[in-house]
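# Inside the fold
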Amino acid sequence: MAVYPDDTFIVSYPRSGNTWTRFLIANLLHPDEPVTFANIETLVPDAEAQSSRMLKRTPRPRYIKSHEYFDHRYRKVIYIVRDPRDVVLSYYNFARKYRHIEDGYPLERYVEDFVAGRLSSADWGTWAENVGTWISARGKDPDFLLLRYEDMQRNTSQELARIADFFGIQADAASREKAIQRSSAQQMRELEKKQAQEWVSTKNQRADIPFVGAASTGGWKAKLPAVSVAQIESEWGALMQFLEYELVTEAGQNASAERIALSRAGK
């Protein structure tokens, strides 16, 4: 893919709110044009779903969605991070929708695959590899904007204002609210029902499992087995704490403390 200096990339690990963010951005940039699954690939194309030829035809400046781990060519980047305990639940349903796993595939085994990097998205790294590469390489770069999905859900208008500032565009409260309403989970679900066969990411996939999920935070507390929570926290606790995700298991807290101690010791 050819990358241009005026490109902006909207990047995340899968199932972290990237599609919602694409709709928010498209509705903010194109207030007079209805944003749908039928035209989202024209307005904010997916780097992994579209051909290089199609991307070259996209008018500049381009706003491009990606799941890639750190790529030095991507200069201006919005990165969306989501609690991995929620990510894995959303990804589990996604895997069933795309027939990557059977409906009866044990959730605990899927979490093991998720942590070990054995998913179909292995080329994008694990959650920690994907998130960690971007934060460590670009965390203090003014052309890098880190967004937490949870903050976006909690105060969408405020986070959308940060996006507008990052783009250098004017977006008053009314225009932000209009974009938010047009990008609501309910609106996107209705669009998906009507246009699933028109969108490259849902065409010919299972219709009984929606692509647009619950759009909620903290669902893992009720749905994720305790052993799976401990496994995720044990592996990625230090990074989760850095991102202000509370650890709830002793295994996670111990692993985080040990890694911090090793880091301070220079090991």
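Each remark here, short or long, concerns the structure printed above.
Residues numbered from 1 in each chain as written. Predicted model: local features only at pLDDT ≥ 70, side-chain atom pairs only at ≥ 80, totals over all residues. Heavy atoms only, no water.

## Re the pairing of strand β2 (residues 63–66)
Along β2, one buried face is formed by Tyr 63 and Lys 65 and the opposite face, lined by Ile 64 and Ser 66, is buried too. Direction of pairing for strand β1 (residues 8–12) relative to β2: parallel, over a ladder of four bridges. In the strand pairing of β2, Phe 9 is matched with Ile 64. (Buried < 20%, exposed > 50% of the residue type's maximum accessible area, 1.4 Å probe, protein only. Helix = DSSP H or I, 4+ residues; strand = E, 2+ residues; numbered from the N terminus. Pairing = 2+ DSSP bridges.)

## A few points about the pattern of salt bridges
As enumerated under the stated definition, the model contains 18 salt bridges in all. Here Asp 151 ties to Arg 154 by a salt bridge, and the two come within 2.7 Å at their closest N and O atoms. One end of the pair, Asp 151, and the other, Arg 154, are both in helix α7 (residues 149–154), three residues apart, so they sit about a helical turn from each other. When salt bridges that share partners are traced, they join Arg 96, Asp 103, Arg 206 and Asp 208 into one network. (Salt bridge = Lys/Arg side-chain N within 4 Å of Asp/Glu carboxyl O.)

## With respect to the pairing of β1
The side chains of a regular strand alternate between both faces of the sheet. Counting buried positions along β1 yields five of five residues, so the element is predominantly enclosed. Where burial is concerned, the two faces of β1 agree: the one with Thr 8, Ile 10 and Ser 12 and the one with Phe 9 and Val 11 are both buried. Relative to strand β3 (residues 76–81), β1 runs parallel, the two being bridged by five bridges. Looking at β3, one finds that Phe 9 is bridged to Val 77.

## Let's talk about helix α9 (residues 173–182)
Think of an α-helix as 3.6 residues a turn; residues three or four steps apart then line up on the same face. Those residues of α9 not exposed but buried are Arg 176, Ala 179 and Ile 180. In a view along the axis of α9, the buried residues occupy a sector of 100°, so they form one face of it. Residues of α9 that are buried in the fold lie against α1 (18–29) and α8 (156–167). (Arc of directions from axis to C-beta. Contact = heavy atoms within 4.5 Å.)

## A word on the layout of surface pockets
Empty space within the largest pocket amounts to approximately 1100 Å³. For the lining of the largest pocket, the secondary-structure elements that each account for two or more residues are α1, α4 (84–97), α7, α10 (185–195) and α11 (220–223). Among the elements that take part in the lining of the largest pocket, α4 stands out by supplying eight residues, more than any other. Class assignment of the residues belonging to the lining of the largest pocket gives a composition of 22 nonpolar, 18 polar and 10 charged. Each pocket or cavity is described by its volume, and for the second largest pocket that value is around 220 Å³. Lining of the second largest pocket is provided by 15 residues; of these, Asp 83, Glu 150, Trp 220, Lys 221 and Tyr 245 occupy positions nearest its centre. Here the lining of the second largest pocket takes three residues from α7, the largest share from any one element. (1 Å grid on protein atoms, 1.4 Å probe; cavity = no way out; pocket = protein on both sides within 12 Å on 5 of 7 lines; lining within 4 Å. Points joined across faces, edges and corners; volume = space filled by probe spheres on them. Nonpolar A, V, L, I, M, F, W, Y, C, P; charged D, E, K, R; others polar.)

## As for the packing of aromatic side chains
A complete count under the given rule lists 20 aromatic pairs for this structure. With centroids separated by 6.1 Å and ring planes inclined at 70°, the aromatic side chains of Tyr 13 and Phe 114 adopt a geometry described as edge-to-face. Of this pair, Tyr 13 sits in the loop between β1 and α1 while Phe 114 sits in helix α5 (residues 107–116), and the two are 101 residues apart along the sequence. Each member of the pair, Tyr 13 as well as Phe 114, carries the same accessibility label: buried. Plain terms: the ring middles of Phe 114 and Trp 236 are 5.4 Å apart, the flat faces sit at 75° to each other, and that makes the pair edge-to-face. Residue Phe 114 is found in helix α5, and its partner Trp 236 is found in helix α12 (residues 226–242); the two are separated by 122 residues along the sequence. Neither Phe 114 nor Trp 236 differs from the other in exposure class; each is buried. Members of the aromatic cluster, each reached through a chain of ring pairs, are Tyr 13, Phe 23, Phe 37, Tyr 91, Phe 94, Tyr 98, Phe 114, Trp 127, Trp 199, Phe 211 and Trp 236. For Arg 60, the ring lying beneath its charged end belongs to Tyr 4, and the centroid distance is 4.2 Å. Here the basic side chain of Arg 109 rests over the ring of Tyr 105, its NZ or CZ set 5.0 Å away from the ring centre. (Phe/Tyr/Trp six-rings, centres within 6.5 Å; stacked < 30°, edge-to-face > 60°. Lys NZ or Arg CZ within 6 Å of the ring centre and 35° of its normal.)

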